[in-house]
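Fold and contact review
Here's the letter readout for the chains.
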Amino acid sequence: MSILANTSCFHPAWVEIDLSQFQRNLIAIRKRIGSVKFCLPVKANAYGHGLLEIARAAESARVVDFLGVSCLKEGVFLREQGISLPILVFGAFHEDQIDDLIRYQFDVTASSRLKASLLLERCQKQHATCRVHIEVDTGMNRTGMRPETARELLLKLRAHPELQVVGLSSHLATADQPNHPFALQQIETFTRFASEFAHDNLLLHIANSGGVVFYPSSHFNMVRPGLLSYGYFPDGSLDPLQEIAPCFSLKARVSYFKVVGPNAGISYGHLYRTAKQSRIATIPIGYGDGYFRRFSNRGHVLIRGQKYTIAGAVCMDQFMVDLGDGSAYVGDEVVLIGMQGKESIHLQEVASIADTIPYEILCALNDRLTKVYTTPLS
Ligand SMILES: *Cc1c(COP(=O)(O)O)cnc(C)c1O
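The model shown is predicted, which means the values in this text are computed figures rather than measured ones.

Now for the overall build of the protein chain. The helix and strand inventory of the protein chain stands at 11 helices and 20 strands. Overall, the C-alpha framework of the protein chain stretches about 80 × 45 × 40 Å when taken along its three principal axes. Taking all 378 residues of the protein chain together, the buried fraction comes to 54%. Contacts in the protein chain between residues far apart in sequence, at least 24 positions, make up 67% of those at least 6 positions apart. For the protein chain, the accessible area works out to roughly 16,900 Å², and carbon and sulfur atoms hold 51% of it. Side chains of the protein chain give 37 positive and 36 negative charges; the mean places of these two sets differ by 3 Å.

Turning to the state of the cysteines, a few remarks are in order. Here the structure, examined in full by the defined rule, presents zero disulfides. With no disulfide of its own, C71 has C363 as its nearest cysteine by sulfur position, at a separation of 12 Å. Judged by its relative accessible area of 30%, C71 falls in the partly exposed class.

Moving on to helix α6 (residues 113–126). The terminal C-alpha atoms of α6 lie 20 Å apart, and with 14 residues this matches the ideal 20 Å at 1.5 Å per residue to within 8%. Among all positions of α6, only K115, A116, L118, L119, L120 and C123 are buried. Tucked inside the fold, the buried residues of α6 contact α5 (98–103), β5 (107–110), β6 (130–135), α7 (147–157) and β7 (163–169). Backbone geometry just downstream of α6 places H127 in the positive-phi region, at approximately 50°.

Once that is clear, we can look at the site of the ligand. Around the ligand sit P41, K43, Y47, F90, H171, N208, S209, R224, P225, G226, L227 and Y359, and that is every residue in its neighbourhood. A distance of 2.6 Å is found between an oxygen atom of the ligand and a side-chain nitrogen or oxygen belonging to K43. A distance of 2.5 Å separates an oxygen atom of the ligand from a polar side-chain atom of Y47. Bound to the protein, the ligand loses 88% of the 390 Å² it would expose on its own. Partitioned by chemical class, the residues of the shell around the ligand number six nonpolar, four polar and two charged.

Sheets are built from strands that pair by backbone hydrogen bonding, the pairs being arranged parallel or antiparallel. Read once around its circumference, the closed barrel built from eight strands follows the order β2-β3-β4-β5-β6-β7-β8-β9, with strand pairing classed as parallel. Sheet topology places strand β8 (residues 203–207) next to strand β9 (residues 222–223); two bridges connect them, and they run parallel. Its bridge partner being in β9, A207 is matched across the sheet by V223. Running at roughly 155° to β7, α6 makes contact with β5, β6 and β7 of the sheet.

With that settled, consider the pairing of strand β15 (residues 300–303). Where β15 meets strand β16 (residues 306–311), four bridges bridge the pair, whose relative direction is antiparallel. Residue V301 lies in a different strand from β16, and its bridge partner there is Y308. As consecutive antiparallel partners, β15 and β16 are separated by two residues, and within that stretch R304 has a phi angle of approximately 50°, a positive value.

Attention now goes to empty space enclosed by the protein. Empty pockets left among the atoms are what a rolling probe the size of a water molecule brings to light. The final tally for this structure, using the stated rule, is two cavities of 30 Å³ or more. Taken as a whole, the largest cavity holds about 70 Å³ of empty space. Lining the largest cavity are 14 residues; nearest its centre among them are G231, Y232, F233, S237 and H346. Counted by class, the lining of the largest cavity contains eight nonpolar, five polar and one charged residues. The space that makes up the second largest cavity amounts to roughly 40 Å³. Taken together, Y291, F295, G299, H300, L336, I345, V350 and I353 make up the lining of the second largest cavity.

Take the pairing of β16 next. In terms of strand pairing, β16 meets strand β17 (residues 319–324) through two bridges, oriented antiparallel. Counted as the bridge partner of I310 is V321 from β17.

So, on to the packing of aromatic side chains. The way to describe two aromatic rings as a pair is by their centre distance and the angle between their planes. In total, this model carries 10 aromatic pairs according to the counting rule given. Pairing Y291 with F319 gives two aromatic rings, centres 5.6 Å apart and planes at 25°, and the pair type is stacked. Taken together, the positions of Y291 in the loop between β14 (278–283) and β15 and F319 in strand β17 put the pair 28 residues apart, joining distant regions of the chain. Neither residue differs from the other here; Y291 and F319 are each classed as buried. Put simply, the rings of F22, Y47, Y230 and Y359 pair up and form one aromatic cluster. Taking NZ or CZ as reference, K115 lies 5.6 Å from the ring centre of F93, over its face. Over the ring of F90 we find R224; its NZ or CZ atom is 5.8 Å from the centre of that ring.

The rules behind each value
- Residues numbered from 1 in each chain as written.
- Predicted model: local features only at pLDDT ≥ 70, side-chain atom pairs only at ≥ 80, totals over all residues.
- Heavy atoms only, no water.
- Helix = DSSP H or I, 4+ residues; strand = E, 2+ residues; numbered from the N terminus.
- Buried < 20%, exposed > 50% of the residue type's maximum accessible area, 1.4 Å probe, protein only.
- Contact = heavy atoms within 4.5 Å.
- Areas by Shrake-Rupley, 256 points an atom, 1.4 Å probe, with all protein chains shown as cover.
- Lys, Arg positive; Asp, Glu negative; His and termini not counted.
- Charge placed at Lys NZ, Arg CZ, Asp CG, Glu CD.
- Disulfide = S-S within 2.5 Å.
- Expected span 1.5 Å × (residues − 1).
- Near = heavy atom within 4 Å.
- Polar contact = N/O pair within 3.5 Å; in protein donor to acceptor, adjacent residues only side chain to side chain.
- Nonpolar A, V, L, I, M, F, W, Y, C, P; charged D, E, K, R; others polar.
- Pairing = 2+ DSSP bridges.
- Axes fitted to C-alpha atoms, helices over the stretch in contact; angles between N-to-C directions.
- 1 Å grid on protein atoms, 1.4 Å probe; cavity = no way out; pocket = protein on both sides within 12 Å on 5 of 7 lines; lining within 4 Å.
- Points joined across faces, edges and corners; volume = space filled by probe spheres on them.
- Phe/Tyr/Trp six-rings, centres within 6.5 Å; stacked < 30°, edge-to-face > 60°.
- Lys NZ or Arg CZ within 6 Å of the ring centre and 35° of its normal.

What follows is the structure in structure tokens.
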């Protein structure tokens, strides 16, 4: 595995992204969805994996049909950086953003009748066209129109070619577990609604990662798996086929080492005390990097293939580990998420300790951490 740009010298804590594993995930998803279109969510800095690098790797893997972003800003960044895949903006847009949405030729989600008419008005004024996906709320109760409203709008827009309706979308609220009755009900509602427009040749999409993995009847003709593409199953389980796997690791190097006596208080508030004379290692990452203070006395790291618990409070820029009689020296690699030797720390474990979901951990780790990318397959 070769390192494309080893910039970890800029900061002693970094994120490593295995782009070839990421592309293997995309290929594995493509195999499972067959000829259905694949919209890859890259919002929120590609779930903390790096927006541009992930978009480039997706483009070169040639199995993705759309990139999905949450907001205009993310889409504009991708276009300005030369990404040419079609881009679908998922989020409800603000009126001020309409000109740019049209100019950049994004596929736009119309989540209400009002937004659709604002968009139409602007297209008419500019003699421009815009591709829209009508968002139907089938029970997430976040954004989207009621089916009756969507029906009226679809019929009305047939007379207005400036707004080219190319898709119908919805979002599943409970698909992260298999056989959830509400997910089945949403799929049923969407199926019924979409069948009325069977002759319009629309992109029909409702499936997130949970939909892709657990609800084959949710695939329709396009899917939008985010978390799964980055290598995680939505229920925290591992891929039974062992194809889809994480491509994200969080690492650091020991920055300091000392020996302290018994009953020594460690870090702010002395929330931890040594039981005996101990070796203490300092790890240079903290909540200033997005590594939560919540991990104080609870989080784990791997050093020299051994798993240790964090000793005391996580500070803004560093925390300590009690090695007991174990050994570590300044410069040793520390794994906070990922594998080292035979040991591993899975993102799901880390999320559980913080009483949250993997998504939030990935999004929280910020740009003070250098990102190191390994070479993609193609
Ligand atoms: C984020 C998002 C997804 C992806 O969800 P995952 O749970 O990561 O698969 C799909 N659709 C929309 C509209 C989203 O905002």
